[in-house]
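Topology and contacts: notes
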Amino acid sequence: MLIVVAPSGAGKSSLLRAGLVRKLADGALPGSRRWPVVVFTPTDSPMSALGDHLVKSCGLEPIALKAAMAGDPRICISMVRNAVGTDEDTADVHRRLVVIVDQFEEVFSAGVDEDERRRFVETLSGLATADEGRAPAAIVVCGLRSDFYSPCAAYPQLRDALQTRQTLVGPMSIDELREAILFPARDVGLRFEAGLINVLLDDLGVNQDHAASGYEVGRLPLLAHALRATWRERRGSVLTVDGYLASGGIHYAVATTADKAFLSLGSADQVTARTLLLRLVKVSTNGSEDTRHRRLREELVAGLEPPSARTVLRVFADGRLLTQQTDTVEITHEVLLTAWPRLRSWVAEDRARLIARQQLVEAVDLWEGENRDSDYLYRGSRLAAVQEWFCDSSHRHDLNDSEIAFVDASNEREGRQRELEARHRRRQRRLNIILALLLVATTTTSVVVYRQSRLARAQSVLAEANALRSSAPRVAMQLTILAARLGDSDARTVLTEQLDQDLRYSFQTGSDSLSPIAFSPTRQYGIGVLATGGPFGIPGVKSYWEGPSMGSDSETLAGKVADVTDLAFDTSGSVLAGLSTKNQTVTIWQGDFLGHPQVVSSVTLPPPIAPIDRVAIGADARLFAIASGPRGNDRHGVFPDSPVILFRVAGDGVQYSPLPLRGEMGMFVGVDGLAFSSRGDILATTGLHNDSLWDVSDLSHPQRIADLVPPTERETFEKVAFSPDGNTLVAVSAVSSSGSTMVTLFDVSSPARPVEEIKVPMPRGERIDQVSFSNDGRTLAVAYNDGIGATVELWDIANPSQVGRFNSVHAGSNSNIAFSRSIYPRIEQTRKYMEEHSDNLLAVAGGSGSVDLWVVDQLKEVGADPIKAACAEMGSDSEIKDAVWTRYLADVSRQPICS
């Protein structure tokens, strides 16, 4: 057995059919002129294909040969030997049978049964093997595509042939290529225009300056097709360069011919062409290249309109793209699968369905082979995929009668199975209901008693803890943890509040009362800066900071300002604006706030004007906005019609511009909220009829670019704030007639088209005083006063469409808040942790002149699991000592509280 190995398109078939067969007929081997020669391809039934050709070439009786091939291959080999006559005593005749198997790789296609594949290999090997002094019954030559080399290793006969009797077909030499191009044309009276052969060789990739040709070995079909296409464009008997170029050349001749054939069809025929061509492709499932698939004509055109199918077959056969035999059709050469982009794209788009189609063929063959045993039917996801791909009108005709019967049987079995499962579920559900009722009846009382007993014990433990809170705080914390583990929700709340207080760092500012506070948003020399101001005649704006020595300093900034109503840092942290309501002045400091920042400007608005109470700084630190709240109603003065004044400080001058807000019935309408975005000159205002975003890049002509839509038509927004990146905006509605407040988050990454992401309702009676984003934009602080005291609630907004409250801290009687990016605390036990997380601190100005600081990450950990956080803080002291347990918990079984 000899195996000829080469890539697709290297010329194996031509070598075997036009070369070897011709040479044998010419007597290249002694006696070969009279040798019968069998040339065939294996197809999906290799044994049947071999048997058919042996009957024709050797004159064997079909029924007897078929029986022999279905049984012991040795009987078949003996029949061939006897029919051909290969005994040694006739050596002078040297009679041999030659079996040439072209496209041997078809043996490894998915449609070939493994048992038939094995018998086919054994039969070929037996035909080529000498037997007890007698010559082999046949000379066997197989043409194998090189990418199917590995599957042969599983069969000893093929492995031996590849190791000892293999011929590798490589590229032809330059002279051989010239002869292959020139001689066939001369034989039929054709001539080549000067230079055309060199053009062909260059396009083929031949290096004509060296002896080695250097072209890609699988490109010969492209050359053959280009020559054929050039022949169609010939001038008389001359093949011309112009004709070659018009055909598309070696690179595009196949695609040009295929596209020309396809585009010559009408739209309906083009649909037929796609279906028909895809049926002639066998896609790879193991990483090798796709191959052509010979189909019976009857199967190929099933479900297609006969006139349309005939037209497509004729057009593509005329273009030498399809080859038609008496009963079969196939793609002429596999090069079409790679050289025609249109077909490549069809295969890519339909690959999943084509693979499913091939798997279905295998499943049907197995089902038929097992006498249609229902265990071999499809079910579940595989059946659903077949129904989706093949049972709609567009692909139904892809199935033959056996495959339709297989799918119908699978559907029927699946339906019966679903019905049985449904009946079982109904019976099980009725039984479960009965059992559940019995179980509830017998256990409800005991469960209630157990829970009440456990809760009572937990409440008793918490009471003991509260009594020891001041005298023995460590024991109190241990008992509180145990009460929480026993299920007392009040104990979890106590734990959370206690831990929040333990994590708080407070320092006094020296003032009796504080109103506005602001953090420098950037790190300055590794130290954070906090500015505070006092209302109601308390003079001065002070800066507080923590230095590396962990000490605390404060200094009243140069240029005392009375009645500081609002403070704002710019995005760089080097400019601070302080607003005084009393004298309607904006004081602007700039410089090093750890040293002595200088007053760079003091802007006093021309009186009289409605009292201003808020200030904001634009992105460039030179643009400012001030606003008057809705309580102002004085419409006299320089800017009587607008509660928002924009001004830009440039050198010694100040340029003013009122914002053209909407009024109502001629009345002065103030605004409740004012904020600049960090993403340029975008300003947000909130208030009656003025919940809007503004482009203020042109100070003389500020433009309203979008409106923010409140929760209801009768409401308006009050507080407003931008996230640090400028992509999210939070707006708080005023208290509605129902007494509730709504917090709304907007996506303003495109300021002209704000998109509402979520609305979060607040409990009745809670009026929100302030909202603020953390510097990473993942946390929102919401400060409100419920009439008893101020509370700052922390929300996780990492996903703005799914807000989660994770903790809250009490803030005395005031709720002015700010987030810092850098500050060093003085609490020794948390100093290292707070330094590592200094870009995520929350500051709250208290009513007694104190400032409270928290690490937001610590608050998040406490809020998520206060028991775990308490155990972590207690460390080795978390477990209750035996003496304490005996004294306070004598009737509770001993158990660890933190493991």
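Residues numbered from 1 in each chain as written. Predicted model: local features only at pLDDT ≥ 70, side-chain atom pairs only at ≥ 80, totals over all residues. Heavy atoms only, no water.

1. Things to note about the overall build of the protein
If you tally the helices and strands in the protein, you get 24 helices and 40 strands. Looking at the 899 residues of the protein, the share that counts as buried comes to 48%. (Helix = DSSP H or I, 4+ residues; strand = E, 2+ residues; numbered from the N terminus. Buried < 20%, exposed > 50% of the residue type's maximum accessible area, 1.4 Å probe, protein only.)

2. Description of the confidence of the model for the protein
With 79% of its residues at a pLDDT of at least 70, the protein reaches an overall mean of 77. Every residue in residues 87–92 is under pLDDT 50, and counting partners more than four places away or in other chains gives six contacts. The model gives residues 632–639 a pLDDT under 50, and that stretch makes 20 contacts with residues more than four places away or in other chains. (pLDDT = per-residue confidence, 0-100. Contact = heavy atoms within 4.5 Å.)

3. What to know about the pattern of salt bridges
Enumeration over the complete set of coordinates arrives at 24 salt bridges. Residues Lys860 and Asp796 are paired through a salt bridge, measuring 4.0 Å at the closest nitrogen-oxygen approach. In this pair, Lys860 sits in helix α22 (residues 856–864) while Asp796 sits in strand β36 (residues 790–796), placing the two residues 64 residues apart along the sequence. Each member of the salt-bridge network shares a partner with another, and the members are Glu106, Arg292, Arg294 and Glu330. (Salt bridge = Lys/Arg side-chain N within 4 Å of Asp/Glu carboxyl O.)

4. Re the state of the cysteines
Under the defined criterion, the tally for this structure stands at one disulfide. With no disulfide of its own, Cys58 lies 9.2 Å from the sulfur of Cys76, the closest cysteine sulfur. What makes Cys76 buried here is its relative accessible area of 1%. (Disulfide = S-S within 2.5 Å.)

5. Here we look at the sheet that holds strand β20 (residues 585–590)
A sheet is described by the order of its strands in space; here four strands give the open sequence β18-β19-β20-β21, paired in antiparallel fashion. Among the strands making up the open sheet, the edge pair consists of β18 (564–569) and β21 (598–604). Each adjacent strand pair in this sheet contributes to an overall mean axis angle of 20 degrees, direction not counted. (Pairing = 2+ DSSP bridges. Axes fitted to C-alpha atoms, helices over the stretch in contact; angles between N-to-C directions.)

6. A few points about the packing of aromatic side chains
Evaluated as defined, the whole model comprises 13 aromatic pairs. Ring geometry for Tyr378 versus Phe406: centroids 5.2 Å apart, planes at 80 degrees, classification edge-to-face. Within this pair, whereas Tyr378 is found in the loop between α16 (341–369) and α17 (380–390), its partner Phe406 is found in helix α18 (residues 401–467), the two being separated by 28 residues in sequence. Here Tyr378 falls in the buried class, since its relative accessible area comes to 7%. Among the aromatic side chains, those forming a connected cluster through ring pairs are Phe40, Phe104, Phe108, Phe120 and Tyr155. (Phe/Tyr/Trp six-rings, centres within 6.5 Å; stacked < 30°, edge-to-face > 60°.)

7. Some thoughts on the pairing of β18
The element β18 is extensively covered by neighbouring structure, given that five of its six residues are classed as buried. The pairing of β18 with strand β19 (residues 575–580) spans five bridges and is classified as antiparallel. Residue pairing across strands places Val564 opposite Ser580, the latter belonging to β19.

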